[in-house]
Every structure is written in C-alpha cells, then in structure tokens.
Amino acid sequence: MRSVPVSDQDAKGQGRRACLGWLALCALVLFPWKAVPQTVYVPSQHWVYDYLERMAAKGLLPYCLITTRPLTRADIAGAIAMLSEQEQAGIELTHVELETLHFLRHEFAEELQHMGVQLDPPRTRLLRLVRSRWLDPLLPDVIYANGRNLLSISSPPFQIYGDPVLVRRRLFATADTLSGRERVFEDTNGFVLWGSVGRHLGVFVDVRDSRQWGTRSYPPAGTNYSQDRLGFVRSGGSFADHDETSASLVFSWSFLTLQYGKDSNRWGPGRRGQLGLSDRATSYDLVKIQFAGRRIKLTSMLAWLQHYSPQFFYGGHQEKAMAAHRLEFSLSSKCHLAVYETVVFAGRRVEPAYLNPVMFFRSAEHYLGDPDNATMGLDAEVRVLPKTRLYGEVFIDDLSTGKLGTGFYGNKTAFLLGAHLVDPCGLSDVDVRVEYARVRPFTYSHAQQVTSYVHYTTCLGHWIGPNADDLYLEAIYRPSFWWELRAWGELYRHGANPVDKNVGGDLRVPHEFPRDPEYVEFLAGVRERTSAVGLTASYQVLRNAFVSLSYRHLCAATDNPEQGSGQRAEWDLTLSLNL
C-alpha cells in the first residue's frame with residue numbers, strides 16, 4: 001500500500017485533535033462527572049432572592065453563595081432542598097416562611113424531583129381554578145399541565161414552559177415645579193419561555209414591549225434616543241416605545257455552567273445598589289462561564305456594551321466591551337468573601353489577555369500599555385450575630401497609596417456598609433435593613449469617554465454615581481405569603497459639577513490636566529440633597545400576579561439658587577403578571 005504524504009499543517013491539526021481527545025478522555029475518567037439536568041438562570045430581581053437572604057440571615061443556609069447573581073434554577077433548588085431537610089428535622093420556621101417554602105417547592109419541582117426530594121401534590125389557587133369541573137374540560141392539555149405555567153409541553157428532547165408578561169402602571173404626582181398634576185401611564189406586554197433541549201442545554205427567553213405616555217414631554221416623533229435604565233427608545237411625539245429582550249442558551253454539566261446570550265448580572269451584597277456590577281442597566285450580550293462547588297464559585301464573563309452619544313443611532317457607533325471575573329467563597333459557615341475585577345475596553349470586540357479567567361486584569365492592562373478602564377473590588381458578608389447579616393464592599397477604580405487620606409482626584413474609590421436583621425425584637429416575619437454607600441469624585445470615569453463605566457446612559461456600578469453618598473433604611477413585614485408591606489426612608493447627597501468647573505460629579509466628564517484641580521474634596525461643587533420616604537403594599541393575587549400600591553414623598557434642595565428647593569409626592573399603582 002502506498003503511503004500518503006502528510007503536510008506539516010495536517011500533522012499539526014491531527015496532533016491538536018488527538019490532544020483534545022486525550023484531554024476529554026482524561027476528564028471523563030479522572031474527574032467525577034455527574035450528569036445533571038439542564039438549568040437556566042433566574043433573573044436577578046426575582047423575589048426568591050429576598051427569601052434566600054432571609055434564610056441565610058437566620059443561619060439556615062450556612063454555605064449558600066448568593067451574592068453572585070443571577071443564580072441558576074439548580075442552585076436555588078439546592079437551597080430549597082436544604083431548607084426542606086431542616087424542616088423535616090424539626091427546625092422552627094414561621095408560618096409565612098413555611099408557606100413560601102411550600103410554594104417554592106412547586107416552582108422548582110423539576111429540579112427537586114431530580115434531587116430525590118419527595119414533593120406533595122400541588123395545591124395552589126391557580127390549580128384549583130383551572131381544574132374546576134367547569135373549566136378543565138375546555139382547556140387543551142398543554143395549558144397548566146403542571147399546575148404552574150400557562151404553557152407546559154413535554155416532547156422529548158424538548159421541555160418547554162411559558163407564561164405571559166403583563167404590566168399596567170399608573171403614576172400620579174404633584175410637585176412645586178409642576179403647574180398641574182403629572183400623569184404617567186406605562187403598559188408592558190410580552191412573554192417568558194424557558195425549558196430544555198436534552199439533558200444539558202437550557203433555553204430562556206424573556207420578551208417585553210412597553211409604551212409610556214402621559215403629561216411628560218417627549219422628543220419629536222421618530223426620534224431614537226436612550227434614557228436611564230433603558231437602551232433603545234423611540235419617540236412617537238406624545239409617547240415613547242421601548243422593547244427589551246433577554247435570551248440565553250445555558251449548557252450545564254456537573255460543576256460547569258456556560259451561558260451565551262443577552263442578560264444582566266448583579267455582584268455584591270448591597271440591596272439598594274452594588275458598587276462593582278449592578279443590574280440597573282439594560283441587559284447586554286455576553287459569554288459567561290461559571291464553576292461552582294459547595295463553598296467556592298468562580299465566574300468569568302465577556303460582555304459587549306454600547307457607548308451612547310447623540311449620534312449613536314445615526315452612524316456614531318463605537319465598539320465597547322467589558323471583561324469581568326469574580327471569585328466568591330466561604331471561609332466558614334458564618335463568613336463569606338468575594339473578590340472581583342472588571343475592565344472596560346474599546347476598539348476591539350475581544351482582547352485575549354482578558355479571556356483568561358484567572359488572569360490579574362490590572363496587570364494584563366499594564367501589559368497592553370494601560371489603555372483601558374480596569375477596576376477591582378472586595379465584598380464580605382458576616383453572620384456572627386443571631387438572625388443578622390452584616391455586609392460591606394470596597395471598590396477601587398484607581399488608587400495612589402502615597403496620597404491616601406487626601407483629596408487627590410486619582411483616588412477613585414467607593415465603599416458600602418449594610419446590616420440585615422431578621423425578626424428584630426421578636427417581631428415575626430419582619431426584615432429591617434440599613435445601608436450606606438459612598439463614592440468618591442471621578443470614580444467610574446476614564447480619560448477616554450468611550451471606556452467610562454457606562455452601558456448606554458446608565459452606570460454599571462452604583463446608581464448614585466461619583467461624588468455622592470446615600471443612606472437607606474427599610475422595614476418589610478409579611479403578614480402572609482401573599483401580602484408584603486414595606487416602609488423605607490432615604491437621604492441622598494451629590495456634589496454636582498458647576499458650569500465652569502469639574503469636581504468629579506459626572507462620570508461622563510473625566511479629569512483633564514491641567515484644566516481640572518488635582519485635589520477635590522468629597523461633595524465639592526453644587527451640593528444637591530434629596531430626602532425621601534415611602535410606603536408600599538403588595539398583594540400576590542395568583543402565582544406571580546401582583547397588585548401593588550406605593551406612595552413616595554421627596555424633598556429636594558440645592559446650593560444653586562437658580563434651581564431652588566422643592567417637594568414632590570407620588571402615587572404609583574402597578575398591576576404585574578409574571579415579574
């Protein structure tokens with residue numbers, strides 16, 4: 001038989017394939033892979049996280065890592081399974097906590113059944129309604145087949161669940177600066193689909209289309225623009241339209257989870273805001289890999305952001321991306337730590353130096369010539385006091401250690417402190433929080449505006465922005481699983497930039513030498529102060545169908561005589577389904 005010559009390139013290709021095959025075989029043989037079912041991420045603003053935080057404060061979830069959000073359905077189901085075991089062991093829970101736990105068992109039934117958790121037959125208001133003798137014969141078998149989701153289809157290898165999204169919000173406000181009552185109406189329609197393809201691939205799609213109208217003024221019809229917390233907005237002259245879609249493919253196998261899609265992330269223990277990475281901005285395209293064990297979770301992500309300018313929708317688009325990684329771990333059952341880094345870069349969609357999940361980003365940025373906006377942070381959560389979570393976060397955008405304690409503009413840092421008390425003074429089903437955040441001038445800004453810490457028009461970190469602080473207090477009482485009553489108060493201060501001077505009060509205006517001062521005191525500039533109090537009553541009519549009524553009163557004051565002071569009162573009525 002004649003031998004066929006093999007080129008060097010073919011030989012290298014065969015060698016690479018053989019090497020990859022060998023590594024895959026070693027992984028299957030040497031590592032304890034355990035087949036687990038598909039999973040998807042639960043949006044970071046879902047109310048289930050409040051319940052997990054409460055249980056963690058009571059010491060019932062000693063090693064649960066809950067500050068790197070969103071969590072997967074499998075992660076949350078694991079916490080529910082642990083609580084179920086403790087309930088069976090006789091751990092005392094309040095009536096409302098038990099109601100919530102039983103509800104969540106039904107919500108995460110697929111994952112819990114795979115874990116071997118024995119579940120009682122579901123007995124919900126919705127299930128009794130759809131299986132009533134006059135309604136059940138009229139519904140197709142895919143409608144509420146699992147007693148939970150509007151659409152439930154099982155056709156291997158597909159498992160599909162779907163629900164509608166419906167929001168109706170009505171806001172009425174009076175203020176010293178308004179000639180009459182302000183009215184804002186907002187309607188949102190959409191749907192959520194999630195499920196699996198086979199055993200390891202999860203799918204999640206959340207589509208929402210919104211329209212806002214009322215007494216507020218909008219740009220001329222046909223104008224495309226962006227506003228805080230939103231991405232693309234189109235004006236109709238007397239109204240504004242906005243659509244938002246989150247969609248992801250999630251591959252899961254043992255301790256590995258790989259996500260490709262469009263989503264948001266929330267890193268840190270803060271409730272009112274997070275310094276390093278918050279979920280306040282609109283979602284973004286990303287690739288994320290996560291390794292999770294019982295006491296350690298490593299997350300690495302590459303995301304593509306949008307740098308907004310007035311010409312953004314008219315040919316003025318600039319490339320912008322962010323790499324981020326975070327290591328969250330438990331030192332003990334009562335002490336949890338996390339360290340993280342982020343770097344925003346422009347001019348290229350991918351930077352190989354930032355793809356390494358264990359690379360020190362600050363060093364990688366120096367290797368590249370210091371062109372990007374790198375940050376780092378540390379947050380901690382301590383549960384040493386009974387029924388209490390004490391937490392804090394430190395964020396470093398830039399730092400000159402030789403000038404610590406001075407007003408040097410280059411010391412761009414922030415910190416956050418908070419406490420979460422459960423059932424204080426013996427008051428059952430009450431949560432009390434106090435939280436303080438402080439951000440120094442020029443934090444989040446960068447010499448190149450395109451790499452500022454912003455996605456569209458919203459800061460990726462804490463909403464208060466640079467040269468500001470915020471004190472927040474909150475008390476929540478749940479008389480039953482269906483009811484929630486919340487009272488809160490807040491004091492916000494901000495040093496805004498005067499017309500003729502940059503004191504670091506706007507993250508979109510970086511420091512420019514020698515135009516701007518080298519030393520700036522905290523809250524320098526035009527001092528703005530806002531105090532606010534509010535009350536909210538929320539009732540869950542059916543599964544994830546809420547009616548809420550809120551009242552908020554604000555008092556604003558400023559050192560600028562042209563702006564003056566003022567008061568504002570708001571009433572907000574919201575009807576929401578599947579949020």
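Quick caveat, the model's predicted, so the values are computed rather than measured. (Residues numbered from 1 in each chain as written. Predicted model: local features only at pLDDT ≥ 70, side-chain atom pairs only at ≥ 80, totals over all residues. Heavy atoms only, no water.)

Asks: Now, about the overall build of the protein chain: what can you tell me, with residues and values included?
Replies: Scanning the protein chain from N- to C-terminus turns up seven helices and 25 strands. In terms of overall size, the protein chain behaves like a compact globule, its C-alpha atoms giving a radius of gyration of 26 Å where 579 residues would be expected to give roughly 25 Å. With the C-alpha coordinates of the protein chain rotated into their principal frame, the extents come out at 80 × 80 × 55 Å. Scored against the burial criterion, the 579 residues of the protein chain give a buried share of 48%. Sequence separation of at least 24 residues holds for 62% of the intrachain contacts in the protein chain that already meet a minimum separation of 6. Within the structure as shown, the protein chain displays about 27900 Å² of accessible surface, and the carbon and sulfur contribution to it stands at 60%. The protein chain carries 61 positive and 62 negative side-chain charges, and their two centres are separated by 3 Å. (Helix = DSSP H or I, 4+ residues; strand = E, 2+ residues; numbered from the N terminus. Rg over C-alpha atoms; globule rule 2.2 N^0.38 Å. Buried < 20%, exposed > 50% of the residue type's maximum accessible area, 1.4 Å probe, protein only. Contact = heavy atoms within 4.5 Å. Areas by Shrake-Rupley, 256 points an atom, 1.4 Å probe, with all protein chains shown as cover. Lys, Arg positive; Asp, Glu negative; His and termini not counted. Charge placed at Lys NZ, Arg CZ, Asp CG, Glu CD.)

Asks: Could you give an account of the nonpolar core, with specific residues and numbers?
Replies: In terms of nonpolar packing, the biggest core is built from 29 residues, with I76, L104 and F108 touching the most fellow members. Elements with a minimum of two residues in this core: α2 (48-57), α3 (73-88) and α4 (95-107). A281, Y340, Y391 and Y444 belong to the second largest nonpolar core, which has 28 residues in total. (Core = buried A, V, L, I, M, F, W, Y, C linked by side-chain atoms within 4.5 Å.)

Asks: I'd love a proper account of the packing of α3 against α4, names of residues and values included.
Replies: For the pair α3 and α4, the least separation of the axes is 10 Å and the interaxial angle reads 135°. Of the possible angle classes, the one that applies to α3 and α4 is oblique. In terms of crossing hand, the pair formed by α3 and α4 is left-handed. The segment α3 lies against α4, with R73, I80, L83, S84 and E87 engaging L98, L101, H102, L104, R105 and E107. (Axes fitted to C-alpha atoms, helices over the stretch in contact; angles between N-to-C directions. Parallel < 35°, antiparallel > 145°, perpendicular 65-115°, else oblique. Left-handed = near helix turned anticlockwise from the far one by under 90°.)

Asks: Could you give me a rundown of the packing of aromatic side chains, with the residues and numbers involved?
Replies: Under the definition given, this model contains 26 aromatic pairs. The interplanar angle of 55° and the centroid separation of 6.0 Å between the aromatic rings of F408 and Y519 together place this pair among those described as tilted. Residue F408 is found in the loop between β16 (388-398) and β17 (412-422), and its partner Y519 is found in the loop between β22 (483-496) and β23 (526-542); the two are separated by 111 residues along the sequence. Given the relative accessible area of 43%, Y519 is considered partly exposed. Relative to Y436, the ring of F415 lies with its centre 6.0 Å away and its plane at 50°, an arrangement referred to as tilted. Separated by 21 residues along the polypeptide, F415 in strand β17 and Y436 in strand β18 (residues 430-439) bring together distant segments of the chain. Among the aromatic residues, those joined into a ring-pair cluster are F232, Y308, F312, F313 and Y456. K288 extends its terminal NZ or CZ atom over the ring of Y41, reaching a point 4.3 Å from the ring centre. (Phe/Tyr/Trp six-rings, centres within 6.5 Å; stacked < 30°, edge-to-face > 60°. Lys NZ or Arg CZ within 6 Å of the ring centre and 35° of its normal.)

Asks: Tell me about the pattern of salt bridges, residues and numbers included.
Replies: Pairs can form between side chains of opposite charge once their charged atoms are near each other. The full count for this structure, using the stated rule, is 45 salt bridges. In this structure, the salt-bridge partner of R389 is E53, at a minimum N-O distance of 3.9 Å. With a gap of 336 residues between them, R389 in strand β16 and E53 in helix α2 connect regions that are remote in the sequence. Considered together, R389 and E53 belong to a single accessibility category, that of buried residues. Across the pair D372 and R348 runs a salt bridge whose closest N-O atoms are separated by 2.9 Å. Pair noted here: D372 is in the loop between α7 (361-367) and β15 (373-382) and R348 is in the loop between β14 (335-346) and α7, with a separation of 24 residues, a long-range link. It is possible to trace a salt-bridge network through shared partners that takes in D50, E53, R69, R271, E381, R383, R389, R433, E474 and R486. (Salt bridge = Lys/Arg side-chain N within 4 Å of Asp/Glu carboxyl O.)

Asks: Any details on α4? Residues and values, ideally.
Replies: Spacing of three or four residues puts side chains on the same side of an α-helix, whose turn is 3.6 residues. End to end, α4 covers 19 Å across 13 residues, agreeing with the expected 18 Å (1.5 Å per residue, within 8%). For α4, the complete set of buried residues consists of V96, E97, T100, L101, F103, L104, R105, H106 and E107. As for α4, its buried residues are in contact with α2, α3, α5 (109-114), β21 (468-480) and β23. (Expected span 1.5 Å × (residues − 1).)

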